[in-house]
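The lines below spell out each chain.
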Amino acid sequence: MSAAMLIARRELLAYVRSPLGASVVAAALLVDGIYFYWKGLTEKLVSAQVLQEFFYGASGTTMVAAIVLSMRLLAEERQLGTLTLLNTSPVRDGEIIVGKFISAFGILAVMTLLTLYMPLLIFVNGKVSVAHIAVGYLGLLLLGAACIAIGLFASALAKSQVVAAIVGVVILVPLLLLWVVARAVDPPLNTFLSALALHHENYRPFMVGILELRAVAFYLAVTYFFLLAATKTLEARRWR
Amino acid sequence: MIEISELYKYYGDRRAVGPVTATIDKGEIVGLLGLNGAGKTTTLRVLACDLLPTSGTVRVGGIDVVESPHEVRKKVGYLPDTPPVYPEMTVEEYLVFAAKLRGVGAAQVQKRVGEALELTQTAVERSTPIFALSHGFRQRVGIAQAIVHRPEFVVLDEPISGLDPVQIVEMRDLVRGLGGEHTVVVSSHILSEISETCDRIFVIRDGEIVASGSEAELSSRFLRGMRLEVTLRAGDGLDAALEAMRAVSGVTSVEHAAVPSREPRAVDLTVTADGDVREELSRALVGAGHGLLELRRGERELESVFLELSRSAGTAARKKVKKKPAPEPIEEAP
């Protein structure tokens, strides 16, 4: 087993044995369920719109869950002193980061897939495309991966979990609000800023069931960038 | 063998360590002795490749810590001042994880974990979650993770910190037992621990090694003369006994001990002399017919050397020291 998978397995065990993993999943499912009930049963929307609204609401819980799950990944290790074990083992910093990412993404993926019964309920009284559901979930997972990478980077910077969560939010919110800034500026800067927005421009195609490779590439690039930044942060700490 | 040459480590503008030059032979148990903030932990972290040096060369088993930190880490087992344990794991789960992380092959993991559990006497707690262990057992588990991959070099930062007297004795035996097969570097600010367990002592102050050698070597090099503790039978001839002692060549003073004797009808004296006068002193007292109950070297001799050598530590360590221009920067390893 590679070092990254070894670290990921230990992290998953920690999520399972601590109340954090279950609490985050339970809270996210509760919020998603209430939102779905509100949109699906109390508003007069067609099936595709219900599904679209579901993916919109789930993206919010996914982002919050990703930050909460990732804030502890390195900051907690630093608080416990266990980061020293990883730092003094023959493991590369990149493997530590990938292992941590896989574990948090694994929990987030389980959480996301547990919401699957909600879109399937639409089939009781309506009709939606399975492809729409699949593309929507792909978008949720990609958005979640990017947010975990941002949270992991924040966790690499911070000494405590609370600070890691704050730093994560401080990075995430401007990236979310870039589309608002884009509205206020002239072309071509508005196009550029809009294309960099974490949610609006890049997530909406997934919500409506359109698979855009540009959006997929965007989320993969954001994920890679922040994982790389987290790796470099770990490396830099050895030179301090 | 560990070879350290002109090692410097700066945190920003503050010099934590340097210049340090030292060699540690294979199988030796070496102690880093210094007050808090003297630079012990930073030096050990560099040896364990947790930190990289600002300048200088550190070779562990012939491998440079900057050029090949990955290779060095395979050869080193490190116990930081706080054992790096995951509270939710059981002792065995944790050691299996540590062994695999250190590259022990799947077929060897159980064997190595068993050896580490046995050596550190933690086998009885193998299924216990770490959060339920006492501090002493956690420290033992910390050592177990440091030796589970049979490293050539074991680096222990304050291994007796926070242990009770019984645990200290057991830990001392454990560390001594590691010598020979492993090269061991131990740090402590407690002199007796270092002198009990180590073949050689490095006294570190303000990030520099100010003295090194065995306990006897340090005593003979830095002590001005010798201090003896003498216990005599109390009685009428005490004044004559004091005169006889003062008459011995080399004796510079004879004084009553600061702490009264715990023995009934006995008097404790402190004798200082230019050199080793134990034979002459005992001959003079016995020859003169005085009741000599005990004569021994002062137990706190080395402590006084340590205090002398460490005098300015602590305060100086907190000062901001400007970077020296001399050390050349090291290129980052590819």
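This text follows the structure it describes.
Small disclaimer: the values here were computed from a predicted structure and weren't measured. (Residues numbered from 1 in each chain as written. Chains lettered and ligands numbered in written order. Predicted model: local features only at pLDDT ≥ 70, side-chain atom pairs only at ≥ 80, totals over all residues. Heavy atoms only, no water.)

Looking at the overall build of chain B
Step number 1: A tally of helices and strands in chain B yields 12 helices and 14 strands.
Step number 2: Out of the 334 residues in chain B, the part that is buried amounts to 50%.
Step number 3: Counted over contacts in chain B with a minimum sequence separation of 6, partners at least 24 positions apart contribute 70%.
Step number 4: Within the structure as shown, chain B displays about 15,300 Å² of accessible surface, and the carbon and sulfur contribution to it stands at 49%. (Helix = DSSP H or I, 4+ residues; strand = E, 2+ residues; numbered from the N terminus. Buried < 20%, exposed > 50% of the residue type's maximum accessible area, 1.4 Å probe, protein only. Contact = heavy atoms within 4.5 Å. Areas by Shrake-Rupley, 256 points an atom, 1.4 Å probe, with all protein chains shown as cover.)

As for the interface of chain B and chain A
Step number 1: At the interface, 32 residues of chain B touch 25 residues of chain A.
Step number 2: For the chain B and chain A pair, buried surface summed over both sides reaches about 2,700 Å², with 63% attributable to carbon and sulfur atoms.
Step number 3: Here chain B and chain A share two salt bridges between them.
Step number 4: When the shortest N-O distance is used, the salt bridge between glutamate 88 of chain B and arginine 10 of chain A registers 2.7 Å.
Step number 5: Summed over the shared surface of chain B and chain A, the result is seven residue pairs in polar contact (both at pLDDT 80 or more).
Step number 6: Those elements that provide at least two residues to the side of chain B that touches chain A are strand 1 (2-11), helix 2 (69-75) and helix 3 (91-101) of chain B.
Step number 7: Sorting elements by how many residues they give to the side of chain B that touches chain A places helix 3 of chain B first, with five residues.
Step number 8: Split by residue class, the side of chain B that touches chain A holds 19 nonpolar, four polar and nine charged. (Buried area = accessible area lost by both parts, 1.4 Å probe. Salt bridge = Lys/Arg side-chain N within 4 Å of Asp/Glu carboxyl O. Polar contact = N/O pair within 3.5 Å; in protein donor to acceptor, adjacent residues only side chain to side chain. Nonpolar A, V, L, I, M, F, W, Y, C, P; charged D, E, K, R; others polar.)

A look at the environment of glycine 57 of chain A
Residue and element names in this part refer to chain A.
Step number 1: Note that glycine 57 resides in helix 3 (residues 47-70).
Step number 2: A C-alpha to C-alpha distance of 9.8 Å links glycine 57 and glycine 33, two positions 24 residues apart in sequence.
Step number 3: Excluding residues within four positions of it along the chain, glycine 57 makes contact with Asp32 and Tyr35.

Here's the deal with the packing of helix 4 (residues 72-80) of chain A against helix 8 (residues 130-157) of chain A
Residues and elements named next belong to chain A.
Step number 1: Where helix 4 contacts helix 8, the two axes come as close as 7 Å, and the packing angle between them is 20°. What the angle tells us is that helix 4 and helix 8 run roughly parallel. Where helix 4 abuts helix 8, its residues Arg72, Leu73, Leu74, Ala75 and Arg78 lie against Leu152, Ser155, Ala156 and Leu157.
Step number 2: Counted by class, the contact of helix 4 with helix 8 contains six nonpolar, one polar and two charged residues. (Axes fitted to C-alpha atoms, helices over the stretch in contact; angles between N-to-C directions. Parallel < 35°, antiparallel > 145°, perpendicular 65-115°, else oblique.)

Notes on unusual backbone geometry
Step number 1: Here proline 187 of chain A and proline 188 of chain A are connected by a cis peptide whose omega angle stands at 0°.
Step number 2: Tracing the backbone through its elements, the reader meets proline 188 of chain A in the loop between helix 10 (178-184) and helix 11 (189-196).
Step number 3: Its identity as a non-glycine residue notwithstanding, glutamate 6 of chain B has a phi of 50°, on the positive side.

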